[in-house]
Amino acid sequence: MSTVLAYTSPAIGHLFPLVPLLLELKARGHDVHLRTLPSQVAAMRALGFHAAPVDQRLLDLEHQDYLAKSVRTALASSVDTFTSRARLDAPDFKAAMDDVGPDLLLLDINAWGAGTVAESSGLPWATVSPFIPPLESKGTPPFGPGLAPMSGPLGRARDAVVRRLVIAAVEKVMMPGINGMRADASGGRLPPLRTADAFFRRAPLMLLTTAEPFEYAHPDWGPEVRMIGALPWEPAEERPAWLDAFDKPAVLVTTSSEYQADEKLVRTALQGLAEEPFTVVATLPASGSEGIGSVPANARVERFIPHGPVLERAAVAVTHGGMGATQKALAKGVPVVVVPFGRDQNEVAARVVAADAGVRLRPAKLTPESLRAAVREAIGKADGARRVAAGYVAAGGAAAGVDALEGLLPAWHKGQAGAAQ
């Protein structure tokens, strides 16, 4: 048995995809310790993990990227938030290491300071990315704008220009702060890095919770990046009784678990689908329903409910483009309408379109009429959604992820060899 210490950034959209990996580790006899959102500690302890809260001050550093006026400034704002959090999660994670004495470290990719401590520790470690990581790959557009892949000389020229205008500009802003944080967190032991790609690739293993055909093919990423499929875990709660009172197919409408001023998506869906033959179920985990206005007779608005029971009877899901919500729908074979408000959401929307598993609708064109039309169009994309769901299953899920994690453990290898003799 090995002792595993896991650490998440302060968002349920980053905790929930990690849980299946932790459950699989526990089932195989590993001792699992977790540092995560204070509000989720009791639930994680109920699953059998040794759970404790992350530094409360991390929750106070909220994203401001939704105030940005361009992709580049939004990325720069996110970098500033993550760098500020890193200066808190580095000592927080180091204290957890001192307390637990782990054999293996498993980190949310957005816990930048904790990752730096892990990098300098000499212990086996891995990151988990519940979103599309900004890694370079031949034939894949630069991360951020959500461009569709374009082959040939024209595509290469376009990608080179966008990379210079967006990625290189953001790296110019982000890398000094990252390298300063790395120097502080490691006591000066780690060398500076030049690119974002190098920063995100520094772990010996990255587990990416998606798979083809939703994600593009990346033969040049190498074995250290493992796509294991979507891990759509959610808390076990009693099925809402009110759901059974509706007798029509559902449309699930979701917004971000980290605030980004996307309430407009729910308001528009309620208006646009009020007369449609659907039950509309909307969740606003980061803001609640204040300011949403009147709720039509065919709709229900909640701050948070497990999406699984709704998706079981859903015709379409309307999402903000977060990987968790979008992939949870696709894993059930439910097509999606994606309205990307920022962050990685443009990239998610581009992949939905490329996989023919749904429809992309830009926020600037979001109206009750356009959303209604997009929902009707998305219903015809169910075959694409089912292909994506099959791809997730084929990738192996949590079992494949833990196989890769155990491959990092010399002690585990030794024990396996002894058992075979």
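Scroll up for the structure.
Now for a description of the structure that goes with this document. Just so we're clear, the structure is a prediction, and the values are computed from it rather than from any experiment.

What counts and how
- Residues numbered from 1 in each chain as written.
- Predicted model: local features only at pLDDT ≥ 70, side-chain atom pairs only at ≥ 80, totals over all residues.
- Heavy atoms only, no water.
- Pairing = 2+ DSSP bridges.
- Helix = DSSP H or I, 4+ residues; strand = E, 2+ residues; numbered from the N terminus.
- Right-handed = clockwise from strand over helix to strand, strands pointing away.
- Axes fitted to C-alpha atoms, helices over the stretch in contact; angles between N-to-C directions.
- Parallel < 35°, antiparallel > 145°, perpendicular 65-115°, else oblique.
- Left-handed = near helix turned anticlockwise from the far one by under 90°.
- Contact = heavy atoms within 4.5 Å.
- Nonpolar A, V, L, I, M, F, W, Y, C, P; charged D, E, K, R; others polar.
- Buried < 20%, exposed > 50% of the residue type's maximum accessible area, 1.4 Å probe, protein only.
- Core = buried A, V, L, I, M, F, W, Y, C linked by side-chain atoms within 4.5 Å.

In this sheet, strand 3 (residues 50-53) lies alongside strand 2 (residues 31-36) in parallel orientation, the contact comprising four bridges. Residue Leu34 lies in a different strand from strand 3, and its bridge partner there is Ala51. Regarding topology, helix 3 (residues 41-46) serves as the crossover connection from strand 2 to the parallel strand 3, and that connection is right-handed.

Contact pair helix 6 (residues 112-121) / helix 7 (residues 152-185): the axes reach a minimum separation of 9 Å and the direction vectors enclose 50°. The angle between helix 6 and helix 7 places the two elements in the oblique class. Like other packed secondary-structure pairs, helix 6 and helix 7 cross with a definite hand, here right-handed. Only Met174, Ile178, Met181, Arg182 and Ala185 of helix 7 make contact with helix 6, whose side of the interface consists of Trp112, Gly113, Thr116, Val117 and Glu119. Residue composition of the contact of helix 6 with helix 7, grouped by class: six nonpolar, two polar and two charged.

Pairing is parallel in the open sheet, where seven strands are placed in the order 3-2-1-4-5-6-7. For this open sheet the edge positions go to strand 3 and strand 7 (225-227), each flanked by a neighbour on one side alone. Direction aside, neighbouring strands of the sheet carry axes that sit 20° apart on average. Both strand 6 (residues 206-208) and strand 7 contribute to a ladder of three bridges, which runs parallel. Its bridge partner being in strand 7, Met206 is matched across the sheet by Val225. Sitting on the sheet, helix 15 (residues 397-406) touches strand 4 (104-108), strand 5 (125-129), strand 6 and strand 7, and the angle it makes with strand 6 is about 175°.

Before going further, it helps to examine the environment of Thr81. By secondary structure assignment, the location of Thr81 is in helix 5 (residues 71-100). Residue class for Thr81 comes out buried when judged on its relative accessible area of 6%. Linking Thr81 and Glu62, residues 19 residues apart in sequence, is a C-alpha distance of 7.1 Å.

Trp112, Met174, Phe214 and Leu330 are the most contacted members of the largest nonpolar core, which has 51 residues in total. Here this core gets five residues from one element, more than from any other, and that element is helix 7. Setting aside chain neighbours within four positions, we find Phe214 in contact with Met323, Gln327, Leu330, Val348, Arg351, Val352, Ala355, Val388 and Tyr392. Ranked by size, the runner-up nonpolar core spans 29 residues in total, among them Phe16, Leu18, Leu25 and Met44.

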